[in-house]
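The lines below spell out each chain.
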Amino acid sequence: MRLIVLGCSGSGPGPTSPASGYLVEAGDTRLTLDLGNGTFGPLQRHTDPWAIDGVVFSHLHPDHCADFSALAVHRRYHPSPPFDPRARRLPVVAPAEAPDRFAAAYAPSAAERAETDLTDVFDFRPLADGSEGTVGGVAFTARRVDHVCEAYGVRVEHAGRSLVYSGDTGPCESLVELARGADALLCEATWPHVTPHWQEPPPGVHLSGRQAGEHAAAAGVGRLLITHVAAWFDADEVVAEAKMAFDGPVELVAPGCAYEI
């Protein structure tokens, strides 16, 4: 299994990276975990969008899903697809509101919206706490995590290897349970633990570097991959915090880089 970072900037695109989006290659299967602002361009550098077997969305904040509209245009209007996209709809695993939210983003006017049904080319599959399923040859499990909207962490497994993606979350036991024994935890760490604005991070929003390390240690993961650091914070400080709390390998992911799982 291989993880390719399309973008990893927290809360929106930064000066050197798109927002959150990741391509997972496992055997013959390719799927994306989130498609935030600016990620559809890098996706095309790494694979043909027609080659992906599914899309999984952790939640529906724009920095994790805004480029779905670009994918929708590609699937519906590209002049020379290798197959009929209406006969081979792309699986989209996402919170239950996704069909309505994505249709509204794709067709914002009332008149256009009345004629828009993205289920012509997408097979929407709603997430819930404990959801399990497969996309191509990859198995996934989802757990609800602690964010300001409906949000999920996702575990993907293939050929005995496992990768857990935190999505966006504050501290929560469900992420530890989901990540138990995983080969790698791709974990958000948006900010330092202590800032001029707080002595403890606000609950139910994001993890600090220290908290990401604590979750990795509690879950006993093999490797911690830090992502989603907001552009206005010091990523080196966030990573140093994580290393203080977790004694396994810790790495800050970078856009365009690939990581063997």
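Residues numbered from 1 in each chain as written. Predicted model: local features only at pLDDT ≥ 70, side-chain atom pairs only at ≥ 80, totals over all residues. Heavy atoms only, no water.

Caption draft 1: How the structure looks around the overall build of the protein chain. Per the secondary structure count, the protein chain includes eight helices and 16 strands. The C-alpha radius of gyration computed for the protein chain amounts to 18 Å, which stays within 12% of the reference 18 Å derived for 261 residues, consistent with globular compactness. Each principal axis of the C-alpha atoms in the protein chain carries an extent, and together these give about 50 × 40 × 35 Å. Relative to its full complement of 261 residues, the protein chain shows a buried share of 55%. In the protein chain, of all internal contacts separated by at least 6 residues, the share reaching a separation of at least 24 is 60%. Accessible surface, the protein chain as shown: approximately 10,500 Å² in total, 50% of it carbon and sulfur. (Helix = DSSP H or I, 4+ residues; strand = E, 2+ residues; numbered from the N terminus. Rg over C-alpha atoms; globule rule 2.2 N^0.38 Å. Buried < 20%, exposed > 50% of the residue type's maximum accessible area, 1.4 Å probe, protein only. Contact = heavy atoms within 4.5 Å. Areas by Shrake-Rupley, 256 points an atom, 1.4 Å probe, with all protein chains shown as cover.)

Caption draft 2: Summary view of the sheet that holds strand E4 (residues 29-35). Strand order in the open sheet formed by seven strands is E7-E6-E5-E4-E3-E1-E16, and the pairing between neighbours is mixed. Looking at strand neighbours, the two that pair on one side only are strand E7 (122-126) and strand E16 (258-260), the edges of this open sheet. Direction aside, the axes of adjacent strands within the sheet are offset by 20° on average. Sheet strands in contact with helix H3 (residues 68-77) are E4, strand E5 (54-56), strand E6 (90-94) and E7, and its direction is about 145° off that of E7. (Pairing = 2+ DSSP bridges. Axes fitted to C-alpha atoms, helices over the stretch in contact; angles between N-to-C directions.)

Caption draft 3: The UniProt feature "domain: Metallo-beta-lactamase" (unreviewed entry) in the protein chain, seen in detail. Mapped onto this numbering, the UniProt entry gives "domain: Metallo-beta-lactamase" (unreviewed entry) at residues 18-198. When the span residues 18-198 is considered, its composition is 23% helix and 30% strand, and the gap between its end C-alpha atoms is 27 Å. (UniProt positions renumbered as here; feature names shortened; annotations may be inferred.)

Caption draft 4: Looking closely at the sheet that holds strand E9 (residues 138-144). Here we have seven strands laid out as an open sheet, ordered E8-E9-E10-E11-E12-E13-E15, and mixed in their pairing. The two strands at the open ends of the sheet, each matched to only one other strand, are strand E8 (132-135) and strand E15 (250-252). Strand-to-strand twist in this sheet, taken as the mean axis angle between neighbours without regard to direction, amounts to 20°. In this structure, E8 lies alongside E9, joined through four bridges in antiparallel fashion.

Caption draft 5: Highlighting the packing of aromatic side chains. In the structure shown here, the tally under the stated rule is 11 aromatic pairs. Taken together, a centroid distance of 6.4 Å and an interplanar angle of 50° make the contact between Trp-232 and Phe-233 tilted. Of the residues examined, Trp-232 reaches a relative accessible area of 63% and is grouped as exposed. You can call Phe-233 partly exposed: its relative accessible area is 23%. By the ring-pair criterion, three or more aromatic residues cluster together here, those being Phe-57, Phe-68, Phe-102, Phe-122 and Phe-124. Over the face of the ring belonging to Phe-83 we find Arg-88, whose NZ or CZ atom lies 4.0 Å from the ring centre. The lysine or arginine in question, Arg-144, covers the ring of Tyr-152, its NZ or CZ lying 6.0 Å from the ring centre. (Phe/Tyr/Trp six-rings, centres within 6.5 Å; stacked < 30°, edge-to-face > 60°. Lys NZ or Arg CZ within 6 Å of the ring centre and 35° of its normal.)

Caption draft 6: Molecular detail of the pairing of strand E1 (residues 2-7). The element E1 is extensively covered by neighbouring structure, given that five of its six residues are classed as buried. As judged from the three bridges shared by E1 and E16, these two strands associate in the antiparallel manner. Residue pairing across strands places Arg-2 opposite Glu-260, the latter belonging to E16. With five bridges joining them, E1 and strand E3 (residues 21-26) adopt antiparallel strand pairing. The partner of Gly-7 across the bridge, within E3, is Gly-21.

Caption draft 7: Region of interest: the pattern of salt bridges. Evaluated as defined, the whole model comprises 13 salt bridges. Residue Arg-30 pairs with Glu-25 through a salt bridge whose shortest N-O separation is 3.7 Å. Relative accessible area serves as the criterion here: at 30%, Arg-30 is assigned to the partly exposed category. Note that Arg-223 is salt-bridged to Glu-251, the shortest N-O span being 3.2 Å. One end of the pair, Arg-223, is in the loop between helix H7 (209-219) and strand E13 (224-227); the other, Glu-251, is in strand E15, and 28 residues separate them in sequence. Through salt bridges with shared partners, one network takes in Arg-2, Glu-25 and Arg-30. (Salt bridge = Lys/Arg side-chain N within 4 Å of Asp/Glu carboxyl O.)

Caption draft 8: Layout of the side chain of His-64. Considering the arrangement of structural elements, one finds His-64 in helix H2 (residues 62-65). Overall, the relative accessible area of 0% leaves His-64 in the buried class. Here Asp-63 takes part through its side chain, which lies 3.3 Å from a polar atom of the side chain of His-64. A polar contact is formed between the side chain of His-64 and the side chain of Asp-168, at a distance of 3.1 Å. Not counting the four nearest positions on each side in its chain, His-64 is found in contact with Ser-20, Asp-34, Leu-35, Gly-36, Phe-57, Ser-58, His-59, Tyr-165, Asp-168 and His-228. (Polar contact = N/O pair within 3.5 Å; in protein donor to acceptor, adjacent residues only side chain to side chain.)

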